[in-house]
Amino acid sequence: MTYKILLLPGDGIGAEVIAEVERVLSWYGKHRGLSFTTETALVGGAALDAEGTPVTDATMKLALESDAVLFGAVGGPKWDGNSFDKKPERALLRLRKDLGLFANLRPAICFDALTDASSLRPEIVAGLDILIVRELTGGVYFGEPKEITTLPNGERRAVDSQVYTTSEIQRIARVAFDLARLRKNQVASAEKSNVMVSGVLWREEVTKVHKAEYADVQLSHILADNCAMQLVRNPKQFDVIVTDNLFGDMLSDEAAQAAGSIGMLPSASLGAKDANGKQKALYEPVHGSAPDIAGKGLANPLACILSLAMCLRYSFARVNDAVLLEKAVEKVLNDGLRTGDIMQPGKTKVGTKAMGDAVLAALDALPNEAAGDTRSI
Ligand code: NAD
C-alpha cells in the first residue's frame with residue numbers, strides 16, 4: 001500500500017519542524033519499507049500572502065485525497081490584524097470541518113529524561129502516559145444560538161450554546177474505547193452531569209455504548225472539575241480520558257503541562273471510518289508558529305516527529321514503527337540532547353537540524369523489530 005501524505009508546513013517554525021519530519025519519513029521509506037508519496041502545499045499566512053486565502057480549494061482537494069495530512073503551524077504577527085476570514089488559523093478550522101475531524105487525540109507522555117521539566121514533582125509525572133480524547137466538532141464552540149444581543153433595557157447579552165446529539169457522543173466514545181483497548185483498557189469519561197443536561201446525555205450515551213459494545217473496557221465517570229484536580233494531584237490514575245470540546249480544550253492543556261515543554265507535544269485529529277475502515281486524519285504538533293524563534297534553527301522538532309509516530313500508529317497501522325520512533329526520541333533525550341525549550345544544566349544544547357540528525361542516528365542504532373503490526377483503531 002502506498003500512502004498519500006500531504007505536507008502543510010505553514011508559517012514560522014512550522015516549515016522548520018516539518019523539514020525534519022520529511023527526513024524521518026525518508027528514513028522509513030529507505031529502511032522500513034514504508035511506501036508513500038508526498039505533496040506539499042501552502043497554508044495559513046504563507047497561503048494568504050501567495051494565494052489570497054488561508055487554504056485554497058486546490059489544497060483542500062489534496063487534503064481530502066490524502067491518507068494523512070502532516071501540519072506544521074500557522075499564524076504570526078504579520079497577520080494579527082487581519083479580518084476573521086483572513087486569519088491564518090481559518091485554514092485549520094476549514095481542514096477540521098471539511099475533513100470531518102471530530103476526534104482530537106492528545107497524549108501527555110512524560111519521558112523519564114524530562115521529569116524535571118514538568119511543573120509537577122518528578123514522582124507525580126515519572127512514567128506518565130495518558131491520552132485525552134476530545135470531541136472536536138460539536139459542543140459550545142459550534143452550538144446555536146451563538147450571539148450577542150442588546151436587551152430592551154440597553155444591556156448586552158451573550159449566548160453560547162452547548163449542544164450534543166447522541167450520535168456525536170457515541171462516535172467519540174467509540175474512539176476512546178477502541179484506543180483504550182490498545183492501551184491499559186481504561187476510559188474515564190468527564191462531563192458536568194451534575195449541572196448540565198448535555199452532561200446527563202453524555203453520561204447516558206457513553207454508558208450505553210460501553211454496555212453494548214465495550215463491556216471489556218473499564219469505564220469510570222468523573223465530573224470535569226474533579227478531573228482537572230485529579231490531573232495535577234495524581235495524573236497516572238488515568239489511561240484514556242474522553243470528554244467534550246470545551247472541557248477537552250482545558251483538560252488537554254492542563255495534562256500537557258504535566259508532560260513539560262510545548263515543544264514535545266504531538267496531536268492527531270481523526271475523522272469517521274469509511275466502508276474500507278480508512279479515516280481522514282491530520283497530525284500536528286500542539287505548539288504554534290513561535291514567531292520569536294522562527295527562522296533561527298532553534299525550534300524543537302520532537303513534537304512534530306512524535307506526531308508522525310501517531311500517524312504511523314493510527315493511519316498506517318504500523319505500531320512497531322511508531323514505537324521505534326518514540327524509542328528513538330527517548331534515546332536522544334537519554335543521551336542528553338536538548339533544544340533550548342527543554343534545556344537543563346549539564347545537557348547538550350542543539351538546534352532543530354541537529355535534533356533531527358540525532359533522531360535519525362538513534363533510528364539507525366536501535367534494534368528494529370518486524371514491521372507491520374496491523375492493529376489500528
Ligand atoms: P507558540 O506555541 O507559537 O509559542 C509559545 C512559546 O513556546 C514561544 O515562546 C515559543 O518560542 C515556544 N515554542 C513553541 N513551540 C516551540 C518549539 N517547537 N520549540 C521551542 N520552543 C517552542 O504560541 P503563541 O506564541 O501563543 O502563538 C504564536 C502564533 O502561533 C500565533 O499566531 C498563534 O495564533 C499561532 N498558533 C498556531 C497554532 C497552530 O497552528 N495549530 C497553535 C497555537 C498558536
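What you see is a predicted model; the values in this text were computed from it and never measured.

Novice: Can you walk me through the overall build of the protein in this structure?
Specialist: Looking only at helices and strands, the protein has 12 helices and 14 strands in total. Rg of the C-alpha trace for the protein: 21 Å, near the compact-globule value of 21 Å for 377 residues, within the 12% margin. The principal-axis extents of the C-alpha atoms in the protein amount to approximately 65 × 50 × 45 Å. Within the protein, the proportion of its 377 residues that are buried is 52%. Taking the contacts inside the protein whose residues are at least 6 apart along the sequence as the reference set, 75% of them involve residues at least 24 apart. Accessible surface for the protein amounts to roughly 16,200 Å². Of this, 53% is attributable to carbon and sulfur atoms. Of the side-chain charges in the protein, 42 are positive and 48 negative, and the distance between the mean point of each set is 2 Å.

Novice: Can you walk me through the pattern of salt bridges in this structure?
Specialist: Should the charged atoms of two oppositely charged side chains come close, the side chains can pair. Evaluated as defined, the whole model comprises 24 salt bridges. Between R23 and E20 there is a salt bridge, with the nearest N and O atoms lying 2.7 Å from each other. Here R23 pairs with E20, and both are found in helix α1 (residues 13–31), just 3 residues apart, close to one helical turn. For R23, a relative accessible area of 26% puts it in the partly exposed group. According to the relative accessible area criterion, E20 is buried, its value standing at 7%. R183 is the partner of D239 in a salt bridge, and the nearest nitrogen-oxygen pair spans 2.9 Å. Here R183 lies in the loop between α6 (166–181) and β8 (186–191) and D239 lies in the loop between α8 (224–233) and β10 (240–243), a separation of 56 residues in the sequence.

Novice: Help me understand the sheet that holds strand β3 (residues 68–73) in this model?
Specialist: In a beta sheet, neighbouring strands pair by backbone hydrogen bonds and run either parallel or antiparallel. Spatial strand order, β2-β1-β3-β12-β11-β4-β5-β10-β8-β9: 10 strands in an open sheet with mixed pairing. What marks the edges here is a single partner per strand, and that holds for β2 (36–40) and β9 (218–223). Here the strands of the sheet are splayed against their neighbours by 20° on average, with no regard to which way each runs. Along the sheet, α6 makes contact with β4 (103–109), β5 (129–135), β8, β9 and β10, crossing β5 at roughly 165°. Contacts from helix α9 (residues 245–259) reach β4, β5, β8 and β10, with the element oriented near 160° to β5.

Novice: Just checking my understanding: could you explain the layout of surface pockets for this structure?
Specialist: Remark: the empty space left among the atoms is shown by a probe the size of a water molecule rolled over them. Of the voids in this model, the largest pocket is the one considered here, and its volume is about 930 Å³. Along its surface, the largest pocket is lined by 33 residues, and E89, L92, L93, R96 and L136 are the ones closest to its centre. Among the elements of the structure, β3, α4 (90–98), β4, α9 and β12 (279–285) are those that each provide at least two residues to the lining of the largest pocket. Looking at the lining of the largest pocket, the element that brings in the most residues is α4, giving 7 residues. Counted by class, the lining of the largest pocket contains 13 nonpolar, 9 polar and 11 charged residues. Along its surface, the second largest pocket is lined by 24 residues, and I109, D129, R183, R313 and E326 are the ones closest to its centre.

Novice: Explanation requested: unusual backbone geometry in the structure shown.
Specialist: For residues other than glycine, phi is negative in most cases, and the peptide bonds are mostly trans. Following E144, the chain continues to P145 via a peptide bond in cis, the omega torsion being 0°. Of note, P145 is situated in strand β6 (residues 143–150). Of note, N185 is a non-glycine position whose phi angle comes to about 70°, a positive value. Note that N185 resides in the loop between α6 and β8. On the basis of relative accessibility, which here comes to 22%, the residue N185 falls in the partly exposed class. For A317, which is not glycine, the phi dihedral falls at a positive 55°. By the secondary structure assignment, A317 is in the loop between α10 (302–314) and α11 (319–334).

Novice: When you look at the site of the ligand in this model, what are you seeing that I'm missing?
Specialist: In the vicinity of the ligand, 22 residues are found, and the nearest of them are E89, G288, A290, D292 and N300. Between the ligand and the protein, one listed contact pairs an oxygen atom with a backbone N or O atom of G288 at 2.7 Å. Note that an oxygen atom of the ligand is positioned 2.8 Å from one of the backbone N or O atoms of A290. Notes on the ligand: free accessible area 810 Å², of which the protein chains cover 68%.

Calculation criteria
- Residues numbered from 1 in each chain as written.
- Predicted model: local features only at pLDDT ≥ 70, side-chain atom pairs only at ≥ 80, totals over all residues.
- Heavy atoms only, no water.
- Helix = DSSP H or I, 4+ residues; strand = E, 2+ residues; numbered from the N terminus.
- Rg over C-alpha atoms; globule rule 2.2 N^0.38 Å.
- Buried < 20%, exposed > 50% of the residue type's maximum accessible area, 1.4 Å probe, protein only.
- Contact = heavy atoms within 4.5 Å.
- Areas by Shrake-Rupley, 256 points an atom, 1.4 Å probe, with all protein chains shown as cover.
- Lys, Arg positive; Asp, Glu negative; His and termini not counted.
- Charge placed at Lys NZ, Arg CZ, Asp CG, Glu CD.
- Salt bridge = Lys/Arg side-chain N within 4 Å of Asp/Glu carboxyl O.
- Pairing = 2+ DSSP bridges.
- Axes fitted to C-alpha atoms, helices over the stretch in contact; angles between N-to-C directions.
- 1 Å grid on protein atoms, 1.4 Å probe; cavity = no way out; pocket = protein on both sides within 12 Å on 5 of 7 lines; lining within 4 Å.
- Points joined across faces, edges and corners; volume = space filled by probe spheres on them.
- Nonpolar A, V, L, I, M, F, W, Y, C, P; charged D, E, K, R; others polar.
- Near = heavy atom within 4 Å.
- Polar contact = N/O pair within 3.5 Å; in protein donor to acceptor, adjacent residues only side chain to side chain.

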